[in-house]
Amino acid sequence: MLTVDDVLALPVVQEADPQLLCAEGLDAELRWVHVTESESNVDLLFGRELVLTTLRNVSDVRGFLQQLRDAGAAGVIIEAPGAAELPVAGLGFPVIRLRRKVRFVAITEIIHQKLVAQQLADLQFSRSVHEIYTGLSLSEADEQAIVERTAQLLHAPVVLEDVRHLVLAHANADLDDWISRSRFVGYLDHTGRSAGAENWLQTPVGAARGRWGRLIVPAVLDDDAGAALVLERAGQALTIARLSGRDQRELLYQARTSMLHELQAAHGYSDKEVAVRAQSLGLDAAPYYVPLVLSLAAAERTPTETQLAERAALEVIEQLADTLRLGVLAGSLKPGYLAVILPVRARELVDSALQGFTRRLAEQLAEQLAGPAAIGVATEGSLAACLSRLDEAAHVAQIVPHLPTRARPYYRFADLRLRGVLSAMGADARLRAFAHTELAGLLSPPDADGLQLLELYLAHGGNKSALAKAGYYSRPTLYARLAKLEDKLGVSLDSAESRASLQVALLWYRMHG
């Protein structure tokens, strides 16, 4: 914007030998320039005009200058060569005396040209910004794309956060200790800079009665007015994006899921960078973290039903974390599997923290999953190590639904024992050949009753009397069927080695077929 100080620096003004009589308010921005020689014309001012005068028809100079100041004039230039000292002390706005004659039209022409050029540039900039964000809205750009484009336009970092100060999207921003810093920056219901330790430019995002976040530029800018225009238009585009189908929690879930995949895939991040990014999304700082994976894949669902189940489970996790006042990080690991990063204050508290969190989670999920939750856990450690062990936790969660009994709210790999080993070796062709060879008599052709009898027999440790007492068969019938089973398998069921081999083969077959 053109200021009084800018006008003072113009060559046409400098040639008139200007004398700065009152220097307060030189940074005042000009709206227009006005020439007057009489007190009667003061009421024609609208405000922020630079007034040019020779004081020819002015009887009370100080009174005239005070009227101009009170009418909102940005400043006064007085052509008064050889005049006595002017009474300007304490006026509180710029007064400039020209000690040489000058044509006012030469000054007004240049000022008008600059103001009109500036207004045209502002209009073109506003139109350009409007077209950019209209294009983003029509192309259904997501929140991250809108934030990144805003950062490019402003040449500054930009952050989109929700009302809990959790970062939904950002571009080039320093997120170190973000939540704590942002809490000390008060929300505004308009675009502007908030007072406080962090003097951030911000604009609210969301409908007037349903603000769900704000867009922030955490930096000093050369042009706050232009940046405010960009920020407001970006906020409108983000509001439209949400109204077209996204809501606040969905944005947070997407941001957390994207972050989990990003940190898992890229190994160039330092521990500090990993921690900063995760904590900006609500994860509590802690010396230890435990990776959990919740499996929703046991039940048969369509892709749409799986997405809805994941969303419902994420809401349960979020509500439970809020109840426990615990900042966890949860997102989708892959279809049907949700990852949860659980912070723990000390290693000796890991088991109790897991028991408390997973038991309550399993209880709250029981109705939604129509059965017990399958939760796999890997070894605790640093945040980076925890992220790298999510695949191990997912592998455990995949096996848990196949366990004969599920008395625990969560399982580790060591809890799976033989099933864990067989699951890990599921794709091994040699193990597949072994299992099919051991069970060949019951698989070609398929003998479901024979497989069931073998499973029951092995479950009772090969004890025929125990199996008979359990009420499954009369003894003569049982013995006859077991003899037939031995003929089909071609082995003696009394052999401990045979039973061990059959147990391994049958477990593998039930898990992998």
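Please refer to the structure placed before this passage.
Right, let's walk through the structure included here.

How each quantity is defined
In every chain, residue numbers begin from 1 and rise along the written sequence. Predicted model: local features are reported for residues with pLDDT of at least 70 only, side-chain atom pairs are reported and counted for 80 or more only, and whole-chain, interface and lining totals are derived from all residues. With hydrogens and water stripped out, all remaining heavy atoms of the structure feed into the side-chain values. Numbering of helices and strands runs from the N terminus, with a helix taken as a DSSP run of H or I at least four residues long and a strand as a DSSP run of E at least two residues long. With the radius of gyration taken over C-alpha atoms, the globule rule is written as 2.2 Å times the number of residues to the power 0.38. Categorising residues by exposure relies on relative accessible area from a 1.4 Å probe, with only protein chains included: less than 20% of the type maximum marks a residue as buried, more than 50% marks it as exposed, and the intermediate range marks it as partly exposed. We call two residues contacting when some pair of their heavy atoms lies within 4.5 Å. A 1.4 Å probe and the Shrake-Rupley method give the accessible areas. Residues count as covered only by the protein chains that appear here. Just so you know, the count uses Lys and Arg for positive and Asp and Glu for negative, and it drops His and the chain ends. Where a charge sits is defined by one atom per residue type, namely NZ (Lys), CZ (Arg), CG (Asp) or CD (Glu). Definition used in this section: a nonpolar core is a set of buried Ala, Val, Leu, Ile, Met, Phe, Trp, Tyr and Cys residues joined via side-chain atoms within 4.5 Å. Patch membership requires over 30% relative accessible area and the absence of a salt bridge. Like charges are linked within 9 Å, and nonpolar side chains (Val, Leu, Ile, Met, Phe, Trp, Tyr) within 5 Å. Salt-bridge detection follows one rule: a side-chain nitrogen of Lys or Arg within 4 Å of a carboxyl oxygen of Asp or Glu. In summary, the pairing rule links any two rings of Phe, Tyr or Trp, Trp by its six-membered ring, whose centres are within 6.5 Å, and it sorts them by plane angle into stacked for under 30 degrees, edge-to-face for over 60 and tilted for everything else. Whether a charge sits over a ring comes down to the Lys NZ or Arg CZ being within 6 Å of the ring centre and within 35 degrees of the ring normal. Polar contact is the term for a pair of N or O atoms within 3.5 Å; when the atoms are in protein, one must be able to donate a hydrogen and the other to accept it, and sequence-neighboring residues count only if both atoms are side-chain atoms. Note: two strands are recorded as paired if DSSP finds a minimum of 2 bridges between them. Whenever a helix is involved, its axis is fitted only over the stretch in contact; in every case the axis is a line through C-alpha atoms, and angles between N-to-C directions fall within 0 to 180 degrees. Roughly parallel refers to an angle under 35 degrees, roughly antiparallel to one over 145, roughly perpendicular to one between 65 and 115, and oblique to any angle outside these ranges. Amino acids outside the nonpolar list (Ala, Val, Leu, Ile, Met, Phe, Trp, Tyr, Cys, Pro) and the charged list (Asp, Glu, Lys, Arg) are all regarded as polar, and Gly is one of them. Should the near helix be turned anticlockwise from the far one by less than a right angle, the crossing is termed left-handed; should it be turned clockwise, right-handed.

**Let's talk about the overall build of the chain**
- From N to C terminus, the chain includes 20 helices and 14 strands.
- Over its C-alpha atoms the chain spans a radius of gyration of 38 Å, topping by over 25% the 24 Å that the globule rule assigns to 513 residues.
- A buried classification covers 47% of the 513 residues belonging to the chain.
- Long-range contacts, defined as pairs at least 24 residues apart, comprise 62% of the intrachain contacts of the chain with a sequence gap of at least 6.
- When the accessible surface of the chain is totalled, it reaches about 25,500 Å², and 51% of it is carbon and sulfur.
- Positive and negative side-chain charges in the chain, numbering 51 and 62 respectively, have mean positions lying 7 Å apart.

**Thoughts on the nonpolar core**
- Grouped together as the largest cluster of nonpolar side chains are 56 residues, with contacts concentrated most on Tyr 133, Ile 146, Leu 160, Leu 215, Ile 341 and Leu 383.
- No other element matches the seven residues that helix α7 (residues 224-243) contributes to this core.
- Contacts of Ile 341, omitting those with residues within four sequence positions, involve Leu 260, Leu 283, Tyr 289, Val 290, Pro 291, Val 328, Leu 329, Leu 383, Cys 386, Leu 387 and Leu 390.
- Judged by nonpolar contacts, the second largest core, of 28 residues, contains Leu 292, Leu 320, Ala 330 and Ala 373.

**A short note on a negative patch on the surface**
- A cluster of acidic residues, Asp 5, Asp 6, Asp 27, Glu 29, Asp 122, Asp 222 and Asp 223, forms a negative patch at the surface.
- With respect to the helices and strands, the residue Asp 6 is situated in helix α1 (residues 4-8).
- Look at Asp 6 and you get partly exposed, because its relative accessible area is 33%.

**A closer look at the packing of aromatic side chains**
- A full pass over the atoms with the stated rule returns one aromatic pair.
- When the centroid spacing of 4.8 Å and the interplanar angle of 5 degrees are considered together, the rings of Trp 178 and Trp 200 count as stacked. Of this pair, Trp 178 sits in helix α6 (residues 178-183) while Trp 200 sits in the loop between β8 (192-193) and β9 (201-207); the two residues are 22 residues apart in sequence, bridging distant segments of the chain.
- On the basis of relative accessible area, Trp 200 is assigned to the buried category, the value being 3%.
- The ring of Tyr 187 is capped by Arg 214, whose NZ or CZ atom sits 4.0 Å from the centre of that ring.

**Quick word on the environment of Asp 223**
- Within the secondary structure, Asp 223 sits in the loop between β10 (210-217) and α7.
- A relative accessible area of 46% places Asp 223 in the partly exposed class.
- As for Asp 223 and Leu 154, which are separated by 69 residues in sequence, their C-alpha atoms are 9.3 Å apart.
- A polar contact of 3.2 Å, which involves the side chain of Asp 223, links it to the backbone nitrogen of Gly 226.

**Concerning the sheet that holds strand β5 (residues 95-98)**
- In space, the five strands of this open sheet follow the order β1-β5-β4-β3-β2, with mixed pairing throughout. Because the sheet does not close on itself, it has two edges, and the strands there are β1 (18-22) and β2 (32-35). Averaged over all neighbouring strand pairs, the angle between strand axes comes to 20 degrees, with direction disregarded.
- Here four bridges tie strand β3 (residues 49-53) to strand β4 (residues 75-79), and the two strands are oriented parallel to one another. Bridge pairing links Leu 52 to Ile 77 in β4.
- The strands touched by helix α4 (residues 104-138) are β2, β3, β4 and β5; relative to β2, the strand with the most contacts, the crossing angle is about 160 degrees.

**Here we look at the packing of helix α5 (residues 143-154) against α7**
- Where α5 contacts α7, the two axes come as close as 10 Å, and the packing angle between them is 170 degrees. Between α5 and α7, the crossing angle belongs to the class labelled roughly antiparallel. In this structure, α5 contributes Glu 143, Ile 146, Thr 150, Leu 153 and Leu 154 to the contact, and α7 contributes Ala 227, Val 230, Leu 231, Ala 234, Ala 237, Leu 238 and Ala 241.
- Its residues assigned to classes, the contact of α5 with α7 comprises ten nonpolar, one polar and one charged.

**Looking at the pattern of salt bridges**
- Scanning the model with the defined rule gives 17 salt bridges in all.
- The partner of Arg 193 in a salt bridge is Asp 224, and the shortest N-O contact between them spans 2.7 Å. Residue Arg 193 is located in strand β8, and its partner Asp 224 is located in helix α7; the two are separated by 31 residues in the primary sequence.
- Residue classification places Arg 193 among the partly exposed positions, given a relative accessible area of 24%.
- Judged by its relative accessible area of 29%, Asp 224 falls in the partly exposed class.
- Among the charged side chains, a network of salt bridges with common partners joins Asp 162, Arg 164, Arg 256, Glu 318 and Asp 322.

**Digging into the sheet that holds strand β7 (residues 167-171)**
- Reading across the sheet, the five strands line up as β7-β6-β10-β9-β8 and stay open at both edges, with antiparallel pairing between neighbours. Unpaired on one side and paired on the other, β7 and β8 mark the two borders of the sheet.
- For β9 and β10, the ladder comprises seven bridges, and the chain directions are antiparallel. Bridge assignment links Gly 206 to a residue of β10, and that residue is Arg 211.
- The sheet strands contacting α7 are β6 (158-162), β8, β9 and β10, and the helix crosses β9 at an angle near 25 degrees.

**Re the packing of α4 against α5**
- One can describe the packing of α4 onto α5 by two numbers: an axis separation of 11 Å at closest approach and a directional angle of 165 degrees. On the basis of their axis angle, the class for α4 and α5 is roughly antiparallel. The hand of the α4/α5 crossing is right-handed. From α4, Ile 132, Tyr 133 and Leu 136 reach across to α5, where they touch Ile 146, Arg 149, Thr 150 and Leu 153.
- The class makeup of the residues in the contact of α4 with α5 is five nonpolar, one polar and one charged.

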